[in-house]
Amino acid sequence: MPNALDLAPLWLSLQLAGVSTLLLLLLATPLAWWLANTRWRGRAIIEAIVALPLVLPPTVLGFYLLLMLGPHGALGGPWLQLTDSTLAFSFSGLVIASVLYSLPFVVQPLQNAFEGLDRRSLEAAWCLRASPRDAFFSVALPLAMRGYLTAAVLGFTHTLGEFGVVLMVGGNIPGETRVISIAIYDHVETLDYASAHWLASILLIFTFIVLLVVYTLNRHARVRVL
Amino acid sequence: MTRLIVQCDLTHSNARQQSFHLHAHLDIPLDLPGQGIIAVFGRSGSGKTTLLRCLAGLERCPSGFVSVNGAVWQDTSKGIFLPVHERTVGMVSQQPCLFPHLTVRDNLDYGFKRTPLLQRRVLWDHVVEILGIGALLDRYPHYLSTGEQQRVSMGRAVLSNPCLLLMDEPLASLDAQRKAEILPFIKRLNREMNLPIVYVSHSIQEIVQLADTLVLVNEGQATITGSVHEIFSRLDVFEHQGDVAGAVIDTQVVAHEPEFGLTCLEFYGRRLYVPYQLSSVGDSLRVHILSRNVSLSLTPPPGPTSILNIFEAHVVEIGASTSGKSAVDVKLDAGCLMLATITRKSLLALNLSPGQRVYASIKAVSLQL
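Rules used throughout
- Along each chain, the written sequence defines residue order, and numbers are assigned to residues from 1.
- Here every chain gets a letter starting at A, and every ligand a number starting at 1, in the order they are written.
- Totals for whole chains, interfaces and linings use every residue, but because this is a predicted model, local features are given only for residues with pLDDT of at least 70 and side-chain atom pairs only at 80 or more, for both listing and counting.
- With hydrogens and water set aside, each side-chain value is computed from the structure's full complement of heavy atoms.
- Starting at the N terminus, helices and strands are each numbered in turn, a helix being any DSSP run of H or I of at least four residues and a strand any DSSP run of E of at least two.
- In this scheme, a residue with accessible area under 20% of its type's maximum is buried, one over 50% is exposed, and one in between is partly exposed, where area comes from a 1.4 Å probe on protein chains only.
- Contacts are assigned to residue pairs with any non-hydrogen atoms lying within 4.5 Å of each other.
- Take the buried residues of types Ala, Val, Leu, Ile, Met, Phe, Trp, Tyr and Cys, join any two whose side-chain atoms come within 4.5 Å, and each joined set is a nonpolar core.
- A 1.4 Å probe defines the accessible area here, and the buried area is the portion of it lost by two parts on being joined, summed over both.
- When a carboxyl oxygen of Asp or Glu lies within 4 Å of a side-chain nitrogen of Lys or Arg, that pair is called a salt bridge.
- Pairing of N or O atoms within 3.5 Å defines a polar contact, subject to two protein rules: one partner must be a possible hydrogen donor and the other a possible acceptor, and residues neighboring in sequence count only if both atoms are side-chain atoms.
- Lys, Arg, Asp and Glu make up the charged group, whereas Ala, Val, Leu, Ile, Met, Phe, Trp, Tyr, Cys and Pro make up the nonpolar group; the residues left over, Gly among them, are polar.
- Both cavities and pockets are sets of points on a 1 Å grid over the protein atoms alone; in a cavity a 1.4 Å probe fits but cannot get out, in a pocket the set is open with protein on both sides within 12 Å along at least five of seven lines, and lining residues sit with an atom within 4 Å of a point.
- Grid points are joined across faces, edges and corners, and a volume is the space filled by probe spheres set on the points.
- Two rings from Phe, Tyr or Trp (for Trp, the six-membered ring) form a pair when their centres are within 6.5 Å of each other. A pair whose planes differ by under 30 degrees is stacked, one over 60 is edge-to-face, and the rest are tilted.

> Looking at this structure, how should I read the overall build of chain B?
Looking only at helices and strands, one finds eight helices and 20 strands in chain B. A buried classification covers 51% of the 369 residues belonging to chain B. A separation threshold of at least 6 residues defines the contact pool for chain B, and within that pool the share at least 24 residues apart is 66%.

> Would you mind going over the nonpolar core with me for this structure?
Looking at soluble globular proteins, one finds that nonpolar side chains tend to be buried together. Grouped together as the largest cluster of nonpolar side chains are 69 residues, with contacts concentrated most on F114 of chain A together with L4, L166 and V198 of chain B. Among the elements that line this core, the one with the most residues is helix 5 (residues 91-115) of chain A, at 10 residues. When sequence neighbours within four positions are dropped, the list of residues in contact with L166 of chain B reads L52, L55, A56, V89, G90, M91, V92 and V198 of chain B. In terms of nonpolar packing, the next biggest core, distinct from the first, is built from 35 residues, L108, W124, I182 and F185 of chain B among them.

> Hey, could you run me through helix 7 (residues 132-143) of chain A in this one?
An α-helical turn contains 3.6 residues, so a residue and the one three or four places further along point in the same direction. Residues A135, F136, S138, V139, A140 and L141 of chain A constitute the buried set of helix 7 of chain A. Those residues of helix 7 of chain A that are buried are in contact with helix 1 (8-37), helix 5, helix 6 (119-127) and helix 8 (145-160) of chain A together with helix 2 (104-113) of chain B.

> Explain the interface of chain B and chain A here, please?
Interfaces are often sized by the amount of accessible area the parts lose when they come together. Each partner contributes residues to the interface: chain B has 23 residues there, and chain A has 19 residues. Buried surface at the junction of chain B and chain A, summed over both partners, amounts to about 1,800 Å²; 63% is from carbon and sulfur atoms. The three residues of chain B that bury the most area against chain A are H85, Y110 and R114 of chain B, which together make up 31% of that side's buried surface. In this structure, the connection of chain B to chain A is made through two salt bridges. Put simply, R114 of chain B and D134 of chain A hold a salt bridge, and the shortest N to O gap is 2.7 Å. Here chain B is connected to chain A by eight residue pairs in polar contact (both at pLDDT 80 or more). When the residues that make up the side of chain B that touches chain A are grouped by side-chain class, the tally is 10 nonpolar, 10 polar and three charged.

> How do you make sense of empty space enclosed by the protein when you look at a structure like this?
Empty space among the atoms can be located by rolling a probe the size of a water molecule over them. Per the stated rule, a full pass over the model turns up two cavities of 30 Å³ or more. Only strand 1 (3-13), strand 2 (19-29), strand 3 (37-41) and helix 1 (48-56) of chain B provide two or more residues apiece to the lining of the largest cavity. Class assignment of the residues belonging to the lining of the largest cavity gives a composition of 10 nonpolar, no polar and no charged. Space inside the second largest cavity adds up to approximately 40 Å³. As for the second largest cavity, its lining consists of A124, C127 and L128 of chain A together with M91, R156 and A157 of chain B. At the level of secondary structure, the elements contributing two or more residues to the lining of the second largest cavity comprise helix 6 of chain A together with helix 4 (146-159) of chain B. Of the residues assigned to the lining of the second largest cavity, the class counts are five nonpolar, no polar and one charged.

> I tried to follow the packing of aromatic side chains on my own but got confused; where do I start?
Any aromatic ring pair is given by two values, namely how distant the centres are and how the planes are angled relative to each other. All names here are of chain A. Enumeration according to the criterion identifies 12 aromatic pairs over all chains in this entry. Arranged with centres 6.3 Å apart and planes meeting at 70°, the rings of F114 and Y148 form a pair that is edge-to-face. Of this pair, F114 sits in helix 5 while Y148 sits in helix 8; the two residues are 34 residues apart in sequence, bridging distant segments of the chain. For the pair shown, F114 and Y148 are each scored as buried. A centroid spacing of 6.3 Å and a plane angle of 55° characterise the contact between F156 and F206, whose relative ring orientation is tilted. One end of the pair, F156, is in helix 8; the other, F206, is in helix 11 (residues 193-219), and 50 residues separate them in sequence. With relative accessibility at 33%, the residue F206 sits in the partly exposed group.

> Where do I start with unusual backbone geometry in this structure?
A negative phi holds for most residues other than glycine; trans holds for most peptide bonds. Unlike most non-glycine residues, D84 of chain A shows phi in positive territory, near 65°. Relative to the elements of secondary structure, D84 of chain A occurs in the loop between helix 4 (76-83) and helix 5. Classification of D84 of chain A by relative accessible area gives exposed; the value is 71%. Unusually for a residue other than glycine, C97 of chain B sits at a positive phi of about 50°. With respect to the element layout, C97 of chain B can be found in the loop between strand 7 (89-92) and helix 2.

Put into structure tokens, the structure is as follows:
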């Protein structure tokens, strides 16, 4: 290991992925539940919007986000007035960008899990004096646990690996927006291949282990996660 | 006022876009002794399940009125619709639908825990004992047989302390032996818990064994109600239900004749031989004597006969004889009501008229309980 390998980008990436995943699970739960249960015909519009980051070049998403988060943007402007700091090129801005960028990876597994629920289980819960909210937390949520595991793993690893959007919105500020993928890119640019190797291999091994654990769990479960 | 009042009108279209219309107008007392099990009977697709789901509030019928024990659950004219979890109904459907992530104990506890303390009338241990599920408490539903799952599902529903238990073909996915095991449980739940049950089924055997009051759903009309004895011996209601008309008689087991494979039953001082039954002496048994298995003669058979069951009876009523059909139904009074289906040719030969004395013969081997 090079003497002064800076591990700060790794911690920053883990923080960013952790915060984003938590926010994503909170936001995606009602959205996925609604998508799984609504009979509204316009549902496809919402599904298409949620799926956009899957196919859109990250630079396109990053470009629009940059406009939105900038000091004159729809979000960045009010934020500047409230907190006296800009959203673009900040950790908070990165969190907002990551949440949007990884949204489909969290919403879709949850939606699949909710759609796969046996409706009769919910009806049984209602008949046993459970209100719809109570039945959601005591029956639907535990039965959708594997969907949550998939959603969390995909959301976390996808945020960990994002590059294009971060570059557009966050830039390269050490300790604030310099995440691991940016740091690797930087090392390669300055021909510091040794540092790039260390960071890249850490990311590779970490992601591999996470996926290995998920697939091993799958082998022992009735329902597949990925 | 302990009555079940249901008026509902709905047009329902299912996944295959077949629509049907259900009109129900029922007013059934719930507190008369021995009237606690209300069976809803009709062919598949006649709307029985929909009727039950309307009662539970799982289905919203566009115009309807549902009232149980004086509490109004739905009144579309006043915009009242009580959500399912406030209706205090227990529901047992064809599939047990136990919560797979909970043990049997936690499944049973699910509704019990959610019952306010003051409304808890049912004793946990008593229900577990009646259903014989004490040994299963720490297992997960996955490891239970279908029959065991169904018993747990019944226990779970009863432990939520409902004022009305709804059962939708609870035995349909079980084999004959499991059915025979569970039928007595349902009776005990009703009698010992004092819990009225609405029981939907298309199985005539289950209805005969369980039902006190019968609701007939026919062509989307659920309007004919009455005691099971009365309805089964009516001449006009079973035309669309297949070959099931016949008397339902409550009997008691008085003796077994194992050497002949027979059991002797008694009703109104008369004796009836049926194929061997597992019940013990003193047990009560319901017998369904299909009208097509009853033949009539004007005098008792003079010589020895192979027929074990011969009853003296009076003709009460003779059904309408339509020219297209070969058979005609005759209602008899043999201490209790009995039905016989004979050919029109025999009717003419015997020259039957109401009040006339006849002898009804029933082959013991034709009586399958």
